[in-house]
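# Structural features, examined
Single-letter residue listing:
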Protein chains: 2
Amino acid sequence: MTDQRTGASSTPVIGAHKGYLTGSRPDIRVPVRRVHLTDGNTVTLYDTSGPYTDPEVECDVRAGLPALRRRWIEERANDGTGDVTQLAYARRGEITREMEFVALRENRSPEFVRDEIAAGRAVLPVNIHHPESEPMIIGQNFLVKVNANIGNSAVTSSVDEEVEKMTWATRWGADTVMDLSTGRDIHTTREWVLRNSPVPIGTVPLYQALEKVGGKAEELSWEVYRDTVIEQAEQGVDYMTVHAGVLLRYVPLTARRRTGIVSRGGSIMAAWCLAHHRESFLYTHFAELCEILAAYDITFSLGDGLRPGSIADANDAAQFAELRTLGELCAVAREHNVQTMVEGPGHVPMDKIKENVDLQQEICREAPFYTLGPLTTDIAPAYDHITSAIGAAMIAWWGTAMLCYVTPKEHLGLPDRDDVKAGVIAYKIAAHAADLAKGHPGAQLWDDALSDARFEFRWEDQFNLSLDPDTARAYHDETLPAEPAKTAHFCSMCGPKFCSMKISQDIRADFGDQLEAGADQLSTDEIERGMAEKSREFAESGQRVYLPLAD
Amino acid sequence: MTDQRTGASSTPVIGAHKGYLTGSRPDIRVPVRRVHLTDGNTVTLYDTSGPYTDPEVECDVRAGLPALRRRWIEERANDGTGDVTQLAYARRGEITREMEFVALRENRSPEFVRDEIAAGRAVLPVNIHHPESEPMIIGQNFLVKVNANIGNSAVTSSVDEEVEKMTWATRWGADTVMDLSTGRDIHTTREWVLRNSPVPIGTVPLYQALEKVGGKAEELSWEVYRDTVIEQAEQGVDYMTVHAGVLLRYVPLTARRRTGIVSRGGSIMAAWCLAHHRESFLYTHFAELCEILAAYDITFSLGDGLRPGSIADANDAAQFAELRTLGELCAVAREHNVQTMVEGPGHVPMDKIKENVDLQQEICREAPFYTLGPLTTDIAPAYDHITSAIGAAMIAWWGTAMLCYVTPKEHLGLPDRDDVKAGVIAYKIAAHAADLAKGHPGAQLWDDALSDARFEFRWEDQFNLSLDPDTARAYHDETLPAEPAKTAHFCSMCGPKFCSMKISQDIRADFGDQLEAGADQLSTDEIERGMAEKSREFAESGQRVYLPLAD
């Protein structure tokens, strides 16, 4: 249910219960979604939906969420040990509360979390001014994460709508949210989103800076930009996209591209560089920027301003020239103890995807890669959540740590609530498919539980374990709405006589002993030997159906 | 528009014109979809929609489609040269009209088509009793094809609905259709579908055979099955799924699976084998079956009755034991000049997909692989068109020739019209993404044309070139419905000031000469050298932002 006054999606998830894992002290409480099955088992799932799905918590969007990290931040401030970033603590060998929180959340040891952060292979984006957020970690050795973009544009949308999209996106599984507003009330929209967000919030400060100079790229300056970054840092933004790799001399490399520069930030900085015929102020002032971000523990998301916007432009000279510069900037940021991830494309055909992640991992020394899709074809506007989920699943399997979703509205308009959900679901599928392919510990338990429910015709369990229980239930009920169908040993796809799972169960019921005895006797090798023997028998008997196995 | 009396979707596609490429004689007319762009260019696309989208043809579902291949079949019958299969002709070195047709359709030489068929690497499914169908080819060196399943079940659907689904599926790009009816009026439904289908029709004869014995698997017999095959062969079915690889001794291998046997045909044959404790009649009578199929030029689709139905069961002993048997049967079928493809899974995590296609290609000596997805995770019922489009795109890139679609209703209910469209579109995306990754000649022209339209803000062209023009247009118009927005240099996603493509175009307008000069001067190597030089300069000047490139 949506609170009409405030825009927040705040009801418990049907068929699940909100639970918490408790750490070494009572204020380390990691939220989980518990699905209690009809067979008595419970499946525990990662949960990003925040207090909104906890019936014990009264959420008031005007008051904001409880500041669960405030005490941890204050305790550390009193230590006075120097740099406040998670990277600095990790390098000093310290395990913060946030690290313990994510360790519990990901079923890893706190030491492992600390070491991954210290090596720069993972980031834990937590602005000290955003105490409301529940700590989460982004890195190739953790669960693949999904970011959902929200934000108004000059053409459409309001503050309430954006807060609603944020709670809606996290309800369906978004691990971070970027507020990309470019329209009216940018500051106010962001304030509401931050105070009510249970996940880290990212922004592209350049957008607001451009608004401040009336939308004229050439009137941008380091000073306007810096002040905007500080304004957003004070509000609590957890990570910021900075297009500091778009250098003056790279811009001509885009001249003969099919689709030029398709990153907003990239095109703005290219316009600035050309207008002034000077190097980008983001690049020349990068060290100062590091100092600001370090003071708040804001994570860099180094933007790929020259990413390809079409299949034709994938993996070209402009894109990879910028990537090399991002690698340099990555090293500078680490020197300043600033956590850093690196953004990636874009539009890339399947055969060119792996090169992207391999190069990025090499050049940026394993800094987490954060990719937009990539879209694997240009021909399907209105379905780019699918064209890109394909590329996203693959690139995540090969090492990308976080996927920026693409909605069905990409290239066509600003996503609404339904588009946000469609985008998040498609990307949760891609992320989980990658977790499975990477063999992430425990990832397959979810699939196994759902498959068991399916095979045993526990329809309610199947729905409740689904990524989207509401839609799974609704689709089933379209043709078989009656209550008895919820325990029936078939659905309308095949009907009762043709349900393979039913036949398969009947086989087990009728021939169980025989099957078990057979399974005990036979290893794969024995089966193979048995086949070869049968084959010989057949051949000797003059029958034709078998051909020798060997040829 | 749907003809309410007959169920056929029969109106021209908006924004495109039906055209034909003519071959060596006037009755070889290959249909194409021509999109005339506002910049004066024309893009020619593969077209499966049949006469329904040709305003010059009056389609009457009661009369059926024109029998375009009848003369070719009759001319060959008069030759009396022996086996009538395309494989037999190809092996004799002959190029049939059908081969010339598909050569024109795929922009290949007729000799190449013939040689691929002769080698068994491609099939051209054309029952001599289905003269209405437009020839198409399935093979790894041709465009990746998509099959759509339709068919009623005992629970739902009517003949009209199935004919409508067939025309609807081909309108959106289905290259073949399988009629999997298991309910009432199986024979009549199939007759209507065949007489009105512009694409090859596949079936699983076992389903109708089972109906004939009252749904009791143990009462099936070779005789009932054979008669059903002949009945369907006479009607004109172009390819048949036969689960002849489910052998008695493989059934115990499924006993400890998470989800047992999930293929309908597989579970029926397993039940029969266990009930009689005898080898499958499909296997023991396989040579006779080959003789029947050869007489009509029906193509085998060797079914994978033991495919995995969950991530947990992927690539197990049961699955690969059956695959080896399918390899043997493949060789038997080829001896009988029967064209043959082989079906594949199912549910497979991404890291285990490639093994499937590599093994199949090796064991079945490059016979076309025809896979259901595979689904890359089990957790998303209601979105299995997406979980499986991911696997489908990958397996097609690696060599699968045809993809059997999965709709959002998979596991939940019988797909309706909207589900059929959603499934076809998701799979056309997967197939085209694979064509791009394989570097299929000409595949990228479509993407390039759409990207050009996008970059030049030719909105109408972008819509008309889309896989689904209706939805692309509708999504755009949701927020910017007015006519001037169709030529505007932005959309509602970013608004006018933040449109990167607009900024990129402005850059070209303002700095075009400078950019072109830059692009002329700079090769990638020069850029790299330039970077290194700048880096040195910076380092020498004492600034910190640059780090040496070398490390």
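Counting restarts for each chain, with residues numbered from 1 along the sequence as it is written. Lettering for chains starts from A, numbering for ligands starts from 1, and both go in the order in which the items are written. It should be noted that, the model being predicted, local features are given only for residues of pLDDT at least 70 and side-chain atom pairs only at 80 or more, the latter also being counted only at that level, while totals for whole chains, interfaces and linings use all residues. Water and hydrogen atoms were dropped before computing side-chain values, which therefore reflect all heavy atoms in the structure.

### Structural notes on the overall build of chain A
For helices the rule is a DSSP run of H or I covering at least 4 residues; for strands it is a run of E covering at least 2, with both sets numbered from the N terminus onward. Counting its secondary structure elements, chain A contains 20 helices and 13 strands. With 551 residues in all, chain A has 67% of them scored as buried. Here the contacts in chain A between residues at least 6 apart in sequence split such that 71% fall between residues at least 24 apart. Summed over all atoms, the accessible surface of chain A reaches about 17800 Å², with 49% contributed by carbon and sulfur. Relative accessibility under 20% of the residue-type maximum defines a buried residue, over 50% an exposed one, and the middle range a partly exposed one, all with a 1.4 Å probe and only protein chains included. Two residues form a contact once any of their heavy atoms are found within 4.5 Å. Computed by Shrake-Rupley with a 1.4 Å probe, the accessible areas treat only the displayed protein chains as cover when residues are assessed.

### Overview of the UniProt feature "binding site: Zn(2+)" (unreviewed entry) in chain A
All names here are of chain A. UniProt positions are given in the numbering used here, feature names are shortened, and annotations may be inferred rather than shown by experiment. Those residues carrying the UniProt feature "binding site: Zn(2+)" (unreviewed entry) are H347 and H411 in this numbering. In terms of the greatest pairwise C-alpha distance, the residues named above, spread along 65 residues, form a tight cluster of at most 12.3 Å across. Note that H347 resides in the loop between β11 (340–344) and α13 (353–363). Among the residues examined, H347 registers a relative accessible area of 6% and is labelled buried.

### A short note on the environment of T487(A)
Residues and elements named next belong to chain A. Along the chain, T487 falls in the loop between α18 (469–479) and α19 (500–521). Take T487: its relative accessible area is 59%, and that puts it in the exposed class. Distance in space between the C-alpha atoms of T487 and R458 is 6.3 Å, their sequence separation being 29 residues. Beyond its immediate sequence surroundings of up to four residues, T487 is in contact with F457 and W459.

### What to know about the relation of the copies chain A and chain B
Mapping chain A onto chain B calls for a rotation angle of 180° and an axial translation of 0.0 Å; the resulting RMSD is 0.0 Å. The relationship between the two copies is best expressed as a two-fold rotation axis. No C-alpha of chain A lies nearer the rotation axis than that of I390(A), which sits 2.3 Å from it. Mapped onto chain B, 100% of the interface residues of chain A again fall at the interface, so both copies present the same surface. Superposing copies: least-squares fit, C-alpha atoms only, residues required to have pLDDT of at least 70 in both.

### A word on the packing of helix α5 (residues 159–171) of chain B against helix α15 (residues 417–437) of chain B
Residues and elements named next belong to chain B. The geometry of α5 relative to α15 is characterised by a closest axis approach of 9 Å and an angle of 25° between their N-to-C directions. Classified by the angle between their axes, α5 and α15 sit roughly parallel to one another. Regarding α5 and α15, the two cross each other, and that crossing is right-handed. Contacts from E164, K165, W168 and A169 of α5 reach α15 at R417, V420, K421 and V424. Residues are grouped as follows: nonpolar covers Ala, Val, Leu, Ile, Met, Phe, Trp, Tyr, Cys and Pro; charged covers Asp, Glu, Lys and Arg; every other residue, Gly included, is treated as polar. Among the residues making up the contact of α5 with α15, the classes are represented as four nonpolar, no polar and four charged. Axes here refer to lines fitted to C-alpha atoms; in helices the fit is confined to the stretch in contact. Angles between the N-to-C directions go from 0 to 180 degrees. The cut-offs work like this: below 35 degrees is roughly parallel, past 145 is roughly antiparallel, 65 to 115 is roughly perpendicular, and the gaps in between are oblique. Crossings are assigned a handedness: left-handed for a near helix turned anticlockwise from the far helix by less than a right angle, right-handed for a clockwise turn.

### Re the nonpolar core
Nonpolar side chains in soluble globular proteins generally cluster together in the buried interior. Residue types Ala, Val, Leu, Ile, Met, Phe, Trp, Tyr and Cys, when buried and joined through side-chain atoms within 4.5 Å, form a set referred to as a nonpolar core. Residues Y225(A), F286(A), F300(A), Y225(B), F286(B), F300(B) and M350(B) are the most contacted members of the largest nonpolar core, which totals 296 residues. Other than its neighbours up to four places away in sequence, Y225(B) contacts P205(B), L206(B), A209(B), T241(B), V242(B), F281(B), L282(B) and L289(B). The next biggest cluster of nonpolar side chains, apart from the first, holds 13 residues, and it includes M99(B), V102(B), A122(B) and L124(B).

### Comments concerning the interface of chain A and chain B
Between chain A and chain B, the residue contacts involve 146 residues of the former and 146 residues of the latter. Buried area is a sum: the accessible area each of two parts loses on coming together, probed at 1.4 Å, counted once for each and added. When chain A packs against chain B, the two sides together hide about 12600 Å² of surface, and 65% of this comes from carbon and sulfur. What counts as a salt bridge is simple: a side-chain nitrogen of Lys or Arg found within 4 Å of a carboxyl oxygen of Asp or Glu. Put simply, chain A and chain B have six salt bridges between them. A salt bridge links E478(A) to K409(B); the shortest N-O distance between them is 2.7 Å. By residue number, the principal contributor to the side of chain A that touches chain B is α19(A), which donates 13 residues.

### As for the sheet that holds strand β1 (residues 17–22) of chain A
Residue and element names in this part refer to chain A. Across the sheet, three strands lie side by side as β1-β2-β3; this open sheet has antiparallel pairing. Strands at the two margins of the open sheet, each flanked by one partner only, are β1 and β3 (42–46). Within the sheet, the average angular offset between the axes of one strand and its neighbour, ignoring direction, is 45°. Strand pairing requires that DSSP identify at least two bridges connecting the strands.

### Thoughts on the packing of aromatic side chains
Ring geometry is summarised as follows: Phe, Tyr and Trp rings, the Trp one being its six-membered ring, pair when their centres sit within 6.5 Å, and such pairs are stacked at plane angles under 30 degrees, edge-to-face over 60 and tilted between the two. Evaluated as defined, the whole model comprises 20 aromatic pairs over all chains. Where W72(A) meets F101(A), the ring centres are 6.3 Å apart and the plane angle is 55°; that geometry is what we call tilted. With W72(A) in helix α1 (residues 70–79) and F101(A) in helix α3 (residues 97–106), this residue pair connects regions lying 29 residues apart in the sequence. Judged by relative accessible area, F101(A) falls into the buried class, the value being 0%. A ring pair is formed by Y225(A) and F281(A), whose centres lie 5.9 Å apart and whose planes are at 55°; its orientation type is tilted. Of this pair, Y225(A) sits in helix α8 (residues 222–235) while F281(A) sits in helix α10 (residues 281–284), placing them 56 residues apart in sequence. Its end group placed over the ring of Y475(B), K409(A) keeps NZ or CZ at 5.3 Å from the ring centre. Ring-over charges, as used throughout, are those where CZ of Arg or NZ of Lys falls within 6 Å of the ring centre and within 35 degrees of the ring normal.

### A closer look at the sheet that holds strand β10 (residues 299–302) of chain A
Residue and element names in this part refer to chain A. Taken in spatial order, the eight strands line up as β6-β7-β8-β9-β10-β11-β12-β13 and close into a barrel, and their pairing is parallel. Strand after strand, the sheet turns through a mean of 25° between neighbouring axes, direction not considered. Sheet contacts for α8: β8 (201–203) and β9 (239–242); angle to β9, the most-contacted strand, approximately 160°. Where helix α11 (residues 286–296) meets the sheet, its contacts fall on β9 and β10, and the angle it forms with β10 comes to roughly 140°.

### Some thoughts on the pattern of salt bridges
Residues and elements named next belong to chain A. Per the stated rule, a full pass over the model turns up 72 salt bridges over all chains. The salt bridge involving E94 is made with R92; its shortest N-O contact spans 3.6 Å. A salt bridge links K145 to E106; its shortest N-O distance comes to 2.6 Å. In this pair, K145 sits in strand β6 (residues 145–150) while E106 sits in helix α3, placing the two residues 39 residues apart along the sequence. When its relative accessible area of 1% is taken as the criterion, K145 is described as buried. Residue class for E106 comes out buried when judged on its relative accessible area of 4%. Within this structure, R25, D27, R71, E75 and R97 form a network of salt bridges that share partners.

### Structural notes on α1(A)
Residue and element names in this part refer to chain A. Looking at α1, one finds that the buried residues are W72, I73 and R76. The arc enclosing the buried residues of α1, seen along the axis, measures out at 95°, which places them on a common side. Residues R71, A77 and N78 are exposed on α1 and point more than 90 degrees away from its buried face. For α1, the secondary structure elements touched by its buried residues are α2 (86–91) and α3. As used here, the arc is the angular range of directions from the helix axis to the C-beta atoms.

### Things to note about the pairing of strand β2 (residues 29–36) of chain B
Residue and element names in this part refer to chain B. Here strand β1 (residues 17–22) pairs with β2 via six bridges, running antiparallel. By the bridge assignment for β2, G19 is matched with V32. In sequence, β1 turns back onto β2 through a hairpin of six residues. Note that β2 and strand β3 (residues 42–46) share five bridges and pair antiparallel. The partner of V35 across the bridge, within β3, is V43. The turn linking β2 back onto β3 is made up of five residues, and G40 within it adopts a positive phi angle of 95°.

### Comments concerning unusual backbone geometry
Put simply, P345(A) and G346(A) share a cis peptide bond, and its omega is 5°. Within the secondary structure, G346(A) is located in the loop between β11 and α13. Here the residue pair G373(B) and P374(B) is connected by a cis peptide bond, since its omega of 10° sits within 30 degrees of zero. Among the structural elements, P374(B) can be located in the loop between β12 (369–372) and α14 (384–397).

### Examining the packing of helix α7 (residues 205–212) of chain B against helix α8 (residues 222–235) of chain B
Residue and element names in this part refer to chain B. Interhelical geometry of α7 versus α8 gives an angle of 125° and a closest axis separation of 9 Å. Comparing the axis directions of α7 and α8 gives the class oblique. Where α7 crosses over α8, the handedness of that crossing is right-handed. When α7 is examined against α8, the residues P205, L206, Q208, A209 and K212 are found in contact with a partner set consisting of V224, Y225, D227, T228, V229, E231 and Q232. Among the residues making up the contact of α7 with α8, the classes are represented as six nonpolar, three polar and three charged.

### With respect to the pairing of strand β7 (residues 176–179) of chain A
Residue and element names in this part refer to chain A. The side-chain alternation of β7 yields two buried faces, one formed by T176 and M178 and the other by V177 and D179. As defined by bridge partners, β6 adjoins β7 across four bridges and the pair is classed as parallel. The residue of β7 that forms the bridge with A148 is V177. Here two bridges tie β7 to β8, and the two strands are oriented parallel to one another. Bridge pairing in β8 links V177 to I201. Here a crossover is taken to be right-handed if, once the strands point away from the viewer, the path from the first strand over the helix to the second is traced clockwise. Note on the crossover from β7 through helix α6 (residues 186–195) to β8: the handedness is right-handed.

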